[in-house]
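# Summary of the model geometry
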Amino acid sequence: AQRVTQPEKLLSVFKGAPVELKCNYSYSGSPELFWYVQYSRQRLQLLLRHISRESIKGFTADLNKGETSFHLKKPFAQEEDSAMYYCALSNSGYALNFGKGTSLLVTP
Amino acid sequence: DTEVTQTPKHLVMGMTNKKSLKCEQHMGHRAMYWYKQKAKKPPELMFVYSYEKLSINESVPSRFSPECPNSSLLNLHLHALQPEDSALYLCASSQDIFSGANVLTFGAGSRLTVL
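The sections below set out a description of the structure shown in this document. (Residues numbered from 1 in each chain as written. Chains lettered and ligands numbered in written order. Predicted model: local features only at pLDDT ≥ 70, side-chain atom pairs only at ≥ 80, totals over all residues. Heavy atoms only, no water.)

### Notes on the overall build of chain B
Within chain B, the regular secondary structure consists of 0 helices and 11 strands. From first element to last, N terminus to C terminus, chain B shows the α and β order β-β-β-β-β-β-β-β-β-β-β. For chain B, whose C-alpha radius of gyration is 13 Å, the value lies close to the compact-globule estimate of 13 Å for 115 residues. With the C-alpha coordinates of chain B rotated into their principal frame, the extents come out at 40 × 25 × 25 Å. The contacts in chain B between residues at least 6 apart in sequence include a share of 55% that link residues at least 24 apart. Element-wise, carbon and sulfur atoms account for 50% of the exposed surface of chain B, whose accessible area totals about 5500 Å². Treating the 12 positive side-chain charges of chain B as one cloud and the 10 negative ones as another, the clouds have centres 8 Å apart. (Helix = DSSP H or I, 4+ residues; strand = E, 2+ residues; numbered from the N terminus. Rg over C-alpha atoms; globule rule 2.2 N^0.38 Å. Contact = heavy atoms within 4.5 Å. Areas by Shrake-Rupley, 256 points an atom, 1.4 Å probe, with all protein chains shown as cover. Lys, Arg positive; Asp, Glu negative; His and termini not counted. Charge placed at Lys NZ, Arg CZ, Asp CG, Glu CD.)

Right, here's the structure in full:
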């Protein structure tokens, strides 16, 4: 069975501090992993996906198959990064299964 | 047009009512999805349509009835709902269900309250 675990419900950091949102997964095949973000009063939107290995809004995430992790990182958090972040796993291109989400709060 | 449009934005209905939620996209996507999201919880998959055919039904009660009249439209018909069905219903679409790293585009949601 596939499962996505985000151990932190809430993460609070100061502006300018590094931030890491943890995501672990269990899946028997080759996973396709994503980070989605939901800003206040906005729709859920893609932040980044492991297959493209890109940096979006300063965020990066590396798939570590040995540790079955896909942690989201940013070296210097900004107040506008405050949002709900969901790690998600796609089963062979099928629909996404989401983790429970981590609420990131960046304070000045 | 790169959006998924959902109507209505808000819906209040009684347990005996029949109503429908609508979703539309004009991105040429051939996969469409319904998710249910309760407050402070992640979205939960309900249905997946691929090329206008129901591909996945995640054991959703029959009081929710999806319909895909064409490749651009997805409806969710509601009948005899319970108060615990109150939630944000999200529609999403993607290129198809076969592409690697299938990216979903979400609508803003329809907030349903069942009295």
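Having seen it, we continue.
### Some points on a positive patch on the surface
On the surface, A:Lys9, A:Lys100, B:Lys40 and B:Lys41 cluster together into a patch of positive charge. Structurally, A:Lys100 can be placed in the loop between strand 10 (96-98) and strand 11 (102-107). (Patch = residues over 30% accessible without salt bridge, like charges linked within 9 Å, V, L, I, M, F, W, Y side chains within 5 Å. Salt bridge = Lys/Arg side-chain N within 4 Å of Asp/Glu carboxyl O.)

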